[in-house]
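# Structure at a glance
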Amino acid sequence: MATGRTSNVACWHEPDHHWINRLQLLSCRLNPLQVLPFMRIILGFLSGVIGLLAGWFGLAALVLGLAGPDRDGGIAMGAFFNIGPIGGVVGFVVGVLLFAKIGIVSQGPSSPDAERSDAAPAPARTRVSSTFAVAVLALAGGLAWWAWYELIRSPYLTHGFMTLELQFRLPPGMALPPNATDVHIEVEEGQQHAYVMLGESWHGTDGDHRVILVSTTLMRKTSRRVVTLEFPGIPEQTWQLDLPSDPDPTSGYLPWRFPSSTSAPKIEMNFRLSADR
């Protein structure tokens, strides 16, 4: 009996070293019997939330697939806001039930002696499946990162859609291509590629230089923006735009610069950036 009383008060006995006392106190407060139910509630709730999102978006996507083309967007709005919540409720219930069915597993007897004991069997102990817990936490973490990226951080520029005006100055005396369709200009914005269409006023002059004039739209935050120019008789030439990930409008056209390639003839490029707001 003396031994039992000593172990019961071990967590509260103040030893000579203060830091040992604090570690023992912390271990008592983090008793697994107290922490485990709380973790089960958290994992069960996360399972339900993941099921809610899957059911909501899944049912809305199914309705859109069955409805066919939607030109005015009315079917999409109704599927997401009117029918989607039904799938969300069902998905939440299914997620919680899956956690109770798969996420919680029985824990076997602690020793062979317990199996051979003539005493009444103790209630089976359960634990949270580590595989299920890791899967739920990974999915929840991925969804949280996506929500932060799309809704808080936002991949789109702070100034909204921004107009990028480009000028390509040909060497002195060099003629323009005969047709605008012969000029191929591409702007790479991160993982997106935009082919720039030339309008009616697609060329001008700068002294004895002929100049190709185009504009396009930037909208995404990225550290990589590349401009490519190619037309008959001219090999592909590229320029790296020296802009921050989320740029501000420029005060005017930046200085002329040569392409990164070493092939001739050298065509100069400059640009300016303006914001819609």
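Up top is the structure these notes are about.
Rules used throughout
- Residues numbered from 1 in each chain as written.
- Predicted model: local features only at pLDDT ≥ 70, side-chain atom pairs only at ≥ 80, totals over all residues.
- Heavy atoms only, no water.
- Helix = DSSP H or I, 4+ residues; strand = E, 2+ residues; numbered from the N terminus.
- Buried < 20%, exposed > 50% of the residue type's maximum accessible area, 1.4 Å probe, protein only.
- Areas by Shrake-Rupley, 256 points an atom, 1.4 Å probe, with all protein chains shown as cover.
- Pairing = 2+ DSSP bridges.
- Axes fitted to C-alpha atoms, helices over the stretch in contact; angles between N-to-C directions.
- Core = buried A, V, L, I, M, F, W, Y, C linked by side-chain atoms within 4.5 Å.
- Contact = heavy atoms within 4.5 Å.
- Patch = residues over 30% accessible without salt bridge, like charges linked within 9 Å, V, L, I, M, F, W, Y side chains within 5 Å.
- Salt bridge = Lys/Arg side-chain N within 4 Å of Asp/Glu carboxyl O.
- Expected span 1.5 Å × (residues − 1).
- Phe/Tyr/Trp six-rings, centres within 6.5 Å; stacked < 30°, edge-to-face > 60°.
- Lys NZ or Arg CZ within 6 Å of the ring centre and 35° of its normal.

This part is about the overall build of the protein chain. Counting secondary structure elements, the protein chain contains 6 helices and 10 strands. Within the protein chain, the proportion of its 277 residues that are buried is 30%. Total accessible area computed for the protein chain in this model is approximately 18,100 Å², and 62% of it derives from carbon and sulfur atoms.

All right, on to the sheet that holds strand β8 (residues 225-231) then. Ordered by their spatial adjacency, 4 strands build an open sheet running β5-β4-β8-β9, and the pairing between neighbours is antiparallel. Since the sheet does not close on itself, it has two edges, and those belong to β5 (192-196) and β9 (234-240), each with one partner. If you compare each strand with its neighbour and ignore which way they point, the axes differ by 20° on average. Examined bridge by bridge, strand β4 (residues 184-189) and β5 share 5 bridges and lie antiparallel to one another. Paired with I185 across the bridge in β5 is V196.

Moving on: the sheet that holds strand β6 (residues 203-206). Pairing is antiparallel across the open sheet formed by 4 strands, whose spatial order is β6-β7-β3-β10. Bordering the open sheet on either side are β6 and β10 (268-275), each of which pairs with just one other strand. With direction set aside, neighbouring strand axes in the sheet form an average angle of 30°. By the bridge criterion, 8 bridges tie strand β3 (residues 162-169) to β10 in an arrangement that is antiparallel. Opposite E165, over in β10, you have R272 as the bridge partner.

Residues L166, F168, I185, I212 and F231 are the most contacted members of the largest nonpolar core, which totals 28 residues. Where this core is concerned, the elements lending two or more residues are β3, β4, β7 (209-218), β8, β9 and β10. When residues of this core are assigned to their parent elements, the largest contribution, 4 residues, is made by β3. Those residues within four positions of I212 in sequence are excluded, and the remaining contacts are L166, Q167, F168, L176, V183, I185, L198, W202, H203 and F231. Among the nonpolar cores identified, the runner-up in size contains 7 residues, and L43, V128, F132 and A133 belong to it.

This part covers the environment of D208. Position of D208 relative to the elements: it lies in the loop between β6 and β7. Sequence spacing of D208 and L170 is 38 residues, and the spatial spacing of their C-alpha atoms is 9.2 Å. Residues within four places of D208 in sequence aside, it is in contact with P172 and G173.

Looking now at the environment of V196. Here V196 is to be found in strand β5. Between the C-alpha atom of V196 and that of E186, which follows or precedes it by 10 residues, the distance is 5.8 Å. Beyond its immediate sequence surroundings of up to four residues, V196 is in contact with I185, V187, V214, S215 and T216.

The subject of this paragraph is the pairing of β8. Counting buried residues in β8 gives 6 out of 7 residues, a clear majority hidden from the surface. For β4 and β8, the ladder comprises 6 bridges, and the chain directions are antiparallel. Bridge pairing links H184 to E230 in β8. For β8 and β9, the ladder comprises 5 bridges, and the chain directions are antiparallel.

Take a nonpolar patch on the surface next. Among the surface-exposed residues, I86, V90, V94, L98 and I102 lie close enough to one another that they form a single nonpolar patch of about 430 Å² accessible area. Along the chain, I102 turns up in helix α4 (residues 74-103).

Another aspect to go through is the pattern of salt bridges. Where side chains of opposite charge bring their charged atoms close, a pairing between them can arise. Throughout the structure, instances matching the rule amount to 5 salt bridges. The salt bridge involving R272 is made with E165; its shortest N-O contact spans 2.9 Å. Taken together, the positions of R272 in strand β10 and E165 in strand β3 put the pair 107 residues apart, joining distant regions of the chain. Residue E268 is joined to R169 by a salt bridge in which the shortest nitrogen-to-oxygen separation is 2.9 Å. Here E268, found in strand β10, pairs with R169, found in strand β3; they are 99 residues apart in sequence, far enough to count as distant. Per residue, the accessibility class of E268 equals that of R169, and both read buried.

Between its first and last C-alpha, helix α6 (residues 130-153) extends 32 Å over 24 residues, near the 34 Å set by a 1.5 Å rise per residue. Within α6 the residues assigned to the buried category are F132, A133, V136 and A140.

Using the criterion set out here, one finds 6 aromatic pairs in the structure. Ring centres of W56 and F80 lie 5.8 Å apart, and the angle between their planes is 50°; this geometry places the pair in the tilted category. Placement of the pair is W56 in helix α3 (residues 32-67) and F80 in helix α4, with a sequence separation of 24 residues. Here W56 falls in the partly exposed class, since its relative accessible area comes to 25%. By relative accessible area, which is 26% here, F80 ends up partly exposed. Between W145 and Y149 the ring centres are 5.1 Å apart and the planes differ by 20°, which places this aromatic pair in the stacked class. Taken together, the residues W145 and Y149, both in helix α6 and 4 residues apart, mark about one turn of the helix. Residue Y149 is classed as partly exposed on the basis of its relative accessible area, which comes to 22%. One Lys or Arg, R169, reaches over the ring of W256 and ends 4.3 Å from the middle of that ring.

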